[in-house]
Amino acid sequence: MSSQEFDADLIVIGSGVMGGLIASRLAKAGKSVIILEAGPRVRRAEIVETFRNSPVKLSLANTKAQGAGSPFPNPPHIPSTYGDYLQQTGPVSYPTKYLRVVGGTTWHFGSALWRMIPNDFKLKTLYGRGRDWPIGYDELEPYYCEAEAELGVSGVDGQDESGHGGQAWPPRSKPFPMKGLNEPYFMTRMAEMLAPGGYNPVIEPHGRATRPYGNRPVCAGNNNCNPVCPIGAKYDGSMHIDLAERHGARLLDNAVVYKIEHGADNKITAVNYKQPDGTSHRLTARHFVLAAYAIEGPKLLLMSTSEKFPNGIANSSDQVGRNLMGHTGISVNAMMNEDVWPGQGPTELLVYLNYRDGEFRKDIPSYKTKFRNTVPTSQIASALLAKGVLGSKLDAEIRRQSARSINIAVDLETEAQPQNRIVPSKKRFDGIGLPVPEIYYSVNDYWNAGRDFAVKDLTRMTQLLNADILKLDTSHQDRQHIMGTTIMGDDPKDSVVDRDCRTHDHPNLFIAGTGVMPSASCMNPTLTGAALSLRIAEALLKEI
């Protein structure tokens, strides 16, 4: 076929950070690129104003609790995950919150941007758990550097991010693009009190600017990174979409892709999408990238059945939608016996990684312990009012509790388990007639052992802090880190994509994002997905 017979060299499905990175790289190289996004464009000023006027302001606030709704749009063709869009069928709920808008979920993410460490890629070999990756840390390290530069990561050079308090780890060939964020008093005081217990503080790398970076101003510490950074100091995927468009890429928003077509040679030939009015449209390209995140992506593949592929596109292994992972966690609310004043600066910065890596991973999963730098002022006030506390006493008590209330959360690693999966629902459909995602999720005894260990660890930490435990919550908290469902591997019989993120079944279809990760580690996965996406872009530039 001549180039005139294609609508584009590359079609990217999804306009989040992964799709944006790939689209911008290809567009800058002069390739014709079309980006399809299920949701609409959003304007920062409008989102911030909606949030400002909302009666309840919670991090990742629930639509029903807010009354007026989430600050992000919720039209019928892209129902919000804040409601009941995700159909839960498993013993453990997986109530993850992702955004279907131009720029994707990074609009409301906390912006923690971590590298995995070398042992995370060899979980099965070293510890007999989960799966190994077909690639190692050394192979991905240069792309981690590129991803940190693209996303504008601020971090502390020389830290031991294994949590053991030793030499700098993991190995880096380049320093962070920006210095780390300033540590507020709350965090320095916590670190001081925990040091005698052998807890090694680690300052989290972030996608927040500590100097002017591109069009981004310096982080002003507004403390509402979830749901939206009001000044654009925090990275979000719309920034790379804007860059792609400036280099000639074409973005089609409100375009919900519902079917992928293939030819006799198994190459993908076209995609079909619906607009909010229900009309269908079709586009062709030489190559395709599925960057629709790890729930909508496999849903689309499973919906795209044909006579040759009755179980869906890229699914000869029957692994599409399977091996859903997350960081299922626990937390403790505690009351300090002194004023420590959380809530200054970013919502999360101080973490403890004493149990990130070691022989213990044979018996319990790795985990990350984080101090949430937020103040639940409205909840404190509501609880006091319900008790009849009024006037100057109410004022004084809000101040006291706001200065002393802390939350410590644990993010536990989960293993890839094939029964944990997402499929298109056969019972429920959205506003344009497409099935909603049906999710089955569970945890195993390995996770349970980690929970029990972490409970004792949290109890010890609160004792060192001289804090009173108000509530210990072990109810399988979801951390919004969607992984698995289109995992990577060398064997086409038990994986969906190869080491280059190319689908085993279709040579011109790549899958970008955290869905390809064979293991989860205990760290936020966005930077790893970004690094893998830059590898995809490199491969595409060699082929198109």
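Residues numbered from 1 in each chain as written. Predicted model: local features only at pLDDT ≥ 70, side-chain atom pairs only at ≥ 80, totals over all residues. Heavy atoms only, no water.

A tally of helices and strands in the chain yields 12 helices and 18 strands. For 544 residues, the compact-globule estimate of 2.2 N^0.38 gives 24 Å, and the C-alpha radius of gyration of the chain, at 23 Å, lies within 12% of that figure. Each of the three principal axes of the chain carries a C-alpha extent, and together these read 75 × 50 × 45 Å. Considering only intrachain contacts with a sequence separation of at least 6, the fraction spanning at least 24 residues in the chain is 74%. Accessible surface for the chain amounts to roughly 20,300 Å². Of this, 49% is attributable to carbon and sulfur atoms. Of the side chains in the chain, 59 bear a positive and 58 a negative charge, and the two mean positions are spaced by 3 Å. (Helix = DSSP H or I, 4+ residues; strand = E, 2+ residues; numbered from the N terminus. Rg over C-alpha atoms; globule rule 2.2 N^0.38 Å. Contact = heavy atoms within 4.5 Å. Areas by Shrake-Rupley, 256 points an atom, 1.4 Å probe, with all protein chains shown as cover. Lys, Arg positive; Asp, Glu negative; His and termini not counted. Charge placed at Lys NZ, Arg CZ, Asp CG, Glu CD.)

Let us now look at the packing of aromatic side chains. Applying the stated rule across the entire model yields 13 aromatic pairs. Ring geometry for Tyr98 and Tyr293: centres 6.1 Å apart, planes at 75 degrees, overall edge-to-face. With Tyr98 in the loop between strand S3 (87-88) and helix H4 (123-127) and Tyr293 in helix H8 (residues 293-303), the pair connects residues that are 195 residues apart, well separated along the chain. In this structure Tyr98 comes out as buried when scored by relative accessible area, which is 5%. The class of Tyr293 is partly exposed, set by a relative accessible area of 29%. Measuring from centroid to centroid gives 6.4 Å for Phe121 and Tyr137, while their planes differ by 65 degrees, and the two rings are edge-to-face. Here the residue Phe121 occupies a position in the loop between S3 and H4, and Tyr137 occupies one in helix H5 (residues 137-151), the gap between them amounting to 16 residues. (Phe/Tyr/Trp six-rings, centres within 6.5 Å; stacked < 30°, edge-to-face > 60°. Buried < 20%, exposed > 50% of the residue type's maximum accessible area, 1.4 Å probe, protein only.)

Right, let's talk about the sheet that holds strand S15 (residues 421-429) for a bit. If you trace the 3 strands from one edge of the open sheet to the other, you get S3-S16-S15, paired in mixed fashion. Edge positions in the sheet fall to S3 and S15, since each of these pairs with one other strand and no more. Across 5 bridges, S15 lies against strand S16 (residues 435-440) in antiparallel orientation. Within the sheet, the bridge partner assigned to Ile422 lies in S16 and is Ile439. (Pairing = 2+ DSSP bridges.)

This part covers the nonpolar core. Ile11, Leu36 and Val289 are the most contacted members of the largest nonpolar core, which totals 80 residues. Ranked by residue count, the leading element in this core is helix H12 (residues 526-543), at 9 residues. Residues contacting Leu36, with those up to four places away along its chain left out, are Ile11, Val12, Ile13, Gly14, Ser15, Leu252, Ala255, Val257, Val271, Tyr273 and Leu283. Of all hydrophobic cores here, the second largest spans 44 residues; its members include Phe186, Tyr199, Ile330 and Ile422. (Core = buried A, V, L, I, M, F, W, Y, C linked by side-chain atoms within 4.5 Å.)

All right, on to the environment of Ser238 then. Structurally, Ser238 is set in helix H7 (residues 238-246). On the accessibility criterion, Ser238 (11% relative accessible area) is buried. Residues Ser238 and Gln167 lie 71 residues apart in sequence; the distance between their C-alpha atoms is 36 Å. Dropping the residues within four chain positions of it, Ser238 is found in contact with Val102, Gly103 and Trp107. Within the local environment of Ser238, its side chain forms a polar contact with the side chain of Asp236, the two groups lying 2.3 Å apart. (Polar contact = N/O pair within 3.5 Å; in protein donor to acceptor, adjacent residues only side chain to side chain.)

With that out of the way, let us pick up helix H2 (residues 44-53). Of the positions making up H2, those classed as buried are Ile47, Val48 and Phe51. Buried residues of H2 fall within an arc of 95 degrees about the axis and therefore sit on the same side. (Arc of directions from axis to C-beta.)

What follows deals with the pairing of strand S1 (residues 8-13). Buried residues dominate S1, accounting for 6 of its 6 residues. A crossover connection joins S1 to the parallel strand S2 (residues 33-36) through helix H1 (residues 17-28); in handedness this β-α-β unit is right-handed. (Right-handed = clockwise from strand over helix to strand, strands pointing away.)

By volume, the second largest pocket is sized at about 490 Å³. For the second largest pocket, the lining is made up of 21 residues, of which Asn215, Arg216, Met239, His240 and Arg246 are closest to its centre. Taken together, the elements giving at least two residues each to the lining of the second largest pocket come down to H5 and H7. Counting residues per element, the lining of the second largest pocket draws most heavily on H7, at 6 residues. (1 Å grid on protein atoms, 1.4 Å probe; cavity = no way out; pocket = protein on both sides within 12 Å on 5 of 7 lines; lining within 4 Å. Points joined across faces, edges and corners; volume = space filled by probe spheres on them.)

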